[in-house]
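Topology and contacts: notes
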Amino acid sequence: GDLDITMEILFLTTGFVKCYFEGAYMKTRRVQIWRIFDRLDAKPVPDTSDQALRKVHERIINETQSNCKKLSWFIFLSVNVGTLMWAVFPVVNLLIHSLSAEDEAPQETANKPHPYLMYIMWMPYDITTAHTYALTYLLQVTVYFTASLYNTSSNITFINLVLHATAKFKMVEASIL
């Protein structure tokens, strides 16, 4: 009966399914994906039999690999810092409300989901006990971090592939010049 809650649940579920499918695809196709990178790095176009062109090729490849490492770490850290902040927020919220003498912890009702979890979800058990809350929260954090890592790794792979293809075009440009 609550469209906002329903849409949030559908959005998160769809996002998780997408991330897990991306991760499964990347895992099953990892050998073919690595071959693409190997071909882009190992087989220069055009032929680099010329010593000067070989040096330019090596410089371009080294520069590309350096940029890939820097960009990969930047993406990985920025995404996971955001992920960590979102994962920690419900616990901080719970601590603030439990330490506050003025506010009582909000009670879960049929129309109001538990406010101290990462995701809005119905629980068939009592979530107010410490053990069940901790297990439920740990499960949610695990699902979220796994999906985030799958999504981050597939995005990093795609961006690195684009950077390697760009290096190929730079090599062709150098050979034409």
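In what follows, the structure referred to is the one given above.
Not measured: the values here are computed from a predicted model.

The rules behind these values
Residues numbered from 1 in each chain as written. Predicted model: local features only at pLDDT ≥ 70, side-chain atom pairs only at ≥ 80, totals over all residues. Heavy atoms only, no water. Helix = DSSP H or I, 4+ residues; strand = E, 2+ residues; numbered from the N terminus. Buried < 20%, exposed > 50% of the residue type's maximum accessible area, 1.4 Å probe, protein only. Axes fitted to C-alpha atoms, helices over the stretch in contact; angles between N-to-C directions. Parallel < 35°, antiparallel > 145°, perpendicular 65-115°, else oblique. Left-handed = near helix turned anticlockwise from the far one by under 90°. Core = buried A, V, L, I, M, F, W, Y, C linked by side-chain atoms within 4.5 Å. Salt bridge = Lys/Arg side-chain N within 4 Å of Asp/Glu carboxyl O. Phe/Tyr/Trp six-rings, centres within 6.5 Å; stacked < 30°, edge-to-face > 60°. Contact = heavy atoms within 4.5 Å.

This part takes up the environment of L53. Mapping L53 onto the fold places it in helix α3 (residues 51-99). Here L53 falls in the buried class, since its relative accessible area comes to 13%. Through-space distance from the C-alpha of L53 to that of S175 is 6.8 Å; in sequence the pair is 122 residues apart.

Glancing now at the packing of α3 against helix α4 (residues 130-176). Remark: α3 packs on α4, axes separated minimally by 9 Å, with the N-to-C direction vectors making an angle of 160°. By the angle between their axes, α3 is roughly antiparallel relative to α4. Remark: the crossing between α3 and α4 carries right-handed chirality.

A word on the nonpolar core. Within the largest apolar cluster, 15 residues are counted, with the highest numbers of intra-cluster contacts made by F16, L117, M118, Y119, Y133 and Y137. Among the elements of the structure, α1 (3-28) and α4 are those that each provide at least two residues to this core. It is α4 that provides the largest number of residues to this core, a total of five residues.

Enumeration according to the criterion identifies three salt bridges in this entry. Its salt-bridge partner being E22, residue K18 comes within 2.9 Å of it at the nearest N-O pair. Pair noted here: K18 and E22 are both in helix α1, with a separation of four residues, about one helical turn. The exposure class of K18 is partly exposed, given its relative accessible area of 40%. With a relative accessible area of 24%, E22 lands in the partly exposed category. Linked through salt bridges whose partners overlap, the residues forming this network are R59, E63 and K170.

Time to look at the packing of aromatic side chains. For the coordinates displayed, the defined rule picks out six aromatic pairs. Pairing W86 with Y144 gives two aromatic rings, centres 4.6 Å apart and planes at 75°, and the pair type is edge-to-face. Taken together, the positions of W86 in helix α3 and Y144 in helix α4 put the pair 58 residues apart, joining distant regions of the chain. Look at W86 and you get partly exposed, because its relative accessible area is 32%. Overall, Y144 belongs to the buried group, its relative accessible area being 17%. On the numbers, 6.3 Å between centres and 75° between planes, the contact of Y144 with F145 is edge-to-face. On the accessibility criterion, F145 (22% relative accessible area) is partly exposed. Each member of the aromatic cluster is reached from another via a ring pair, and the members are F16, W86, Y144 and F145.

Let us now look at the environment of F16. Its location among the elements puts F16 in helix α1. Here F16 falls in the buried class, since its relative accessible area comes to 15%. Between the C-alpha atom of F16 and that of A147, which follows or precedes it by 131 residues, the distance is 5.9 Å. Apart from residues lying up to four places away in sequence, F16 is in contact with Y119, V143, Y144 and A147.

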